[in-house]
Amino acid sequence: MNPTSAHDQEGNQMSAAPTRDLLVVGAGIAGMYAVHKATESGLDVLGLEAGSDVGGTWYFNRYPGARCDVESVDYSYSFDRELEKEWQWSERFATQAEIWSYLDHVADRYRIRERFLFDTRVADAVFDEATSTWSVTTEAGETHRAKFLMMATGSLSEPIKPRLAGVDSFAGETYFTAMWPHEPVDLTGKRVGLIGTGSSGIQAAPIVARQARSLTIFQRTANYTVPAPNRVFTEEDQRKIQEEYPHRREVSAYAAAASPHVSHTKKATEVDAEERRAAFEARWAEGGVLFSKTFPDQSSDIVANDYAREFAEQKIREIVQDPQVADDLIPKDYPIGTKRIVTDSGYYEMFNRDNVELVNLRRDPITEVTDWGIKTEQGSYELDVIIFATGFDALTGALTRIDPKGARGARLSDVWADGPVTYLGMGIPGFPNLFSISGPGAPGVLANMMTHSEQQVDWCLALLQTCHEQGIDTAEPRQDAAEKWTEHLEEVASKTLFVRAASWYMGANIEGKKQTFMPYIGGFGTFRKMCDDVRDAGFEGYVLTTNGGGQ
Ligand code: N01
């Protein structure tokens, strides 16, 4: 550690503090890996985490029914074959509890916890141009400094509370799926209201319905969901998993969604009705979010998309007995797959239970939350519990909440006021030595987060090491390189149907947020190749500077 004296934005000298090589914010999948990898590379690294333990998303989102929609064998680190060999997943789609146990095991195995400060929420981050260091202040008022700052703060980590009249006046119990208590929540015999029918609400609902006296689901926008045909792995499965792992990893490393699945070889518009139906049936049986990738043209051609939509609608009508409820559960205003398809366990079947009611807020909006429950224009619902599964300020929220102050007076909330501008998602002009992991501009939320996190962290640490080895003080992406990347990102998105949905990918769930498609949708493999090329060309698009002058 080098003692330096840093300066605040007004140029005042700040108290001396040790300067590390790297600060990592967040102990989720990416932050854990970053801290481990940096330590292995001999860097002086410190991690800061708001929660009391590792896990990030899987630490906070412990609501009943929480599972990952990527298969467990893929949703695991690939950096150490030994780790892969010693961990056995029990089911095809892992529960939150099992994923957290896995991360707990990883944290122990690589002694990751000892390099993190927990219960440490970052409040501010300021770059000092004189010393080329970041000063990070926590909510408790402590300051930590480092040459580089990695924001592994998560894509979906800033939960939002809906703006409903009287939302704080409810006298019963309230829970947020994204901040679920660590103590057991007993819903037995209670009248529960659930607001929100995205992945979180749809996964939680069937479990809640089995426990509660009644469950009232307040749905504003219906979501497509495909059941996860989950199963417990047998010993034979475990043997096969180990045998196939190296190949599976190799394929995933440059695959479109960083998982080994591929679409049908022909377009939906090129095959006859029988072949199309068979392909949809097979994908439906495979389960979950990958239904959106049954055919390669499904997300870009509305005719192909309509075939998939009609197939899914028929499934809903076959399962849900009440035709009006079935109709209410069918989305009406966006192509299938342009909001993330949910992976559920018994969601549609749940509506055949006597204790479950669906309130279609499009027909009957909520007017008020009262001390006793929820009032809609046409009804009153007395409740003991309200569960909010109302989503996140996705991709940008965790970063703009901290609102880093970069070089030349740059403030992230200003710089991104008209939508996020990044270079390959990882660099932001005006913010030297800052890495954004799985944020806007990267495939992130469209890919397997495990593989994606490893790719992002490896790339950023390669840049850091280059600076280290060559005595470079600042690495900052050029404005024109970032603008070009952002234009490319928008152009690729504009060729898809994704831009037709008012989704969180577009920032549409946050009032006043600039609506633009934020993730890179050109495919993880394509993205990775581009990042490899940029790295191999000496981090083309970056300005690398030593304090004595430019490179
Ligand atoms: O959040 P969401 P989520 N009144 O934003 C509704 C990942 N994930 O936590 O669409 C009434 O999707 C809102 O309605 P509308 C996954 O990528 C993965 O469920 O705005 N309703 C919507 O129905 C996922 O896509 C997994 O009209 C209100 C819901 O709340 C992402 O996280 C599991 C409202 C929010 O849905 C986010 O999912 C869980 C209001 N005032 C999450 N405000 C798996 O791996 C909001 N809503 C399986």
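Residues numbered from 1 in each chain as written. Predicted model: local features only at pLDDT ≥ 70, side-chain atom pairs only at ≥ 80, totals over all residues. Heavy atoms only, no water.

*Asks:* Quick question: what am I supposed to make of the site of the ligand here?
*Replies:* What surrounds the ligand is a group of 24 residues, the closest being T197, S200, Q203, R220 and T221. In the model, an oxygen atom of the ligand is placed 2.9 Å from a nitrogen or oxygen of the T197 main chain. R220 is positioned such that a nitrogen or oxygen atom in its side chain is 2.8 Å from an oxygen atom of the ligand. In the complex, the protein chains occlude 86% of the 920 Å² of accessible area that the ligand would expose alone. For the shell around the ligand, the leading source of residues is helix α5 (residues 199–211), giving three residues. Of the residues assigned to the shell around the ligand, the class counts are ten nonpolar, nine polar and five charged. Taken together, domain 1 (25–158 + 394–545) and domain 2 (191–388) each give at least three residues to the shell around the ligand, which thus spans both. (Near = heavy atom within 4 Å. Polar contact = N/O pair within 3.5 Å; in protein donor to acceptor, adjacent residues only side chain to side chain. Areas by Shrake-Rupley, 256 points an atom, 1.4 Å probe, with all protein chains shown as cover. Helix = DSSP H or I, 4+ residues; strand = E, 2+ residues; numbered from the N terminus. Nonpolar A, V, L, I, M, F, W, Y, C, P; charged D, E, K, R; others polar. Domains from an automatic or database assignment.)

*Asks:* I'm lost on empty space enclosed by the protein in this one. Help?
*Replies:* Empty pockets left among the atoms are what a rolling probe the size of a water molecule brings to light. Tallied over the entire structure, the rule returns three cavities of 30 Å³ or more. Here the largest cavity defines a volume of roughly 40 Å³. Forming the walls of the largest cavity are S76, Y77, L83, E84, W87, W89, Y102, Y245 and R249. Among the elements of the structure, α3 (81–86) and α6 (235–253) are those that each provide at least two residues to the lining of the largest cavity. When grouped by side-chain class, the residues that make up the lining of the largest cavity number six nonpolar, one polar and two charged. (1 Å grid on protein atoms, 1.4 Å probe; cavity = no way out; pocket = protein on both sides within 12 Å on 5 of 7 lines; lining within 4 Å. Points joined across faces, edges and corners; volume = space filled by probe spheres on them.)

*Asks:* How should the nonpolar core be read in this particular structure?
*Replies:* Across soluble globular proteins, nonpolar side chains have a tendency to be buried as a group. In this structure, Y77, M150 and W459 are the most contacted members of the largest nonpolar core, which totals 81 residues. Of the residues forming this core, the biggest block, nine residues, is contributed by helix α13 (residues 449–470). Shared between two domains, this core takes at least three residues from each, and those domains are domain 1 (25–158 + 394–545) and domain 2 (191–388). In terms of nonpolar packing, the next biggest core, distinct from the first, is built from 32 residues, L187, L194, V208 and V320 among them. (Core = buried A, V, L, I, M, F, W, Y, C linked by side-chain atoms within 4.5 Å. Buried < 20%, exposed > 50% of the residue type's maximum accessible area, 1.4 Å probe, protein only.)

*Asks:* Is there a simple way to think about the domain arrangement of the protein chain in this case?
*Replies:* By a widespread convention, an interface's size corresponds to the accessible area lost as its parts come together. Partitioning the protein chain into domains gives domain 1 (25–158 + 394–545) and domain 2 (191–388). Here the C-alpha centroids of domain 1 and domain 2 sit 27 Å apart. In this complex, domain 1 contributes 43 residues to the contact, which on the side of domain 2 involves 47 residues. Both faces considered, domain 1 and domain 2 share a buried interface measuring about 3,700 Å² in area, 50% of it formed by carbon and sulfur atoms. Where domain 1 touches domain 2, the interface holds four salt bridges. The closest approach of N and O atoms between E71 and R248, which form a salt bridge, is 3.8 Å. Joining domain 1 to domain 2, the criterion identifies 29 residue pairs in polar contact (both at pLDDT 80 or more). Secondary-structure elements contributing two or more residues to the side of domain 1 that touches domain 2 are α3 and α15 (524–536). Considering each element in turn, the side of domain 1 that touches domain 2 owes the most residues, five residues, to α15. In terms of residue class, the side of domain 1 that touches domain 2 is made up of 17 nonpolar, twelve polar and 14 charged. (Contact = heavy atoms within 4.5 Å. Buried area = accessible area lost by both parts, 1.4 Å probe. Salt bridge = Lys/Arg side-chain N within 4 Å of Asp/Glu carboxyl O.)

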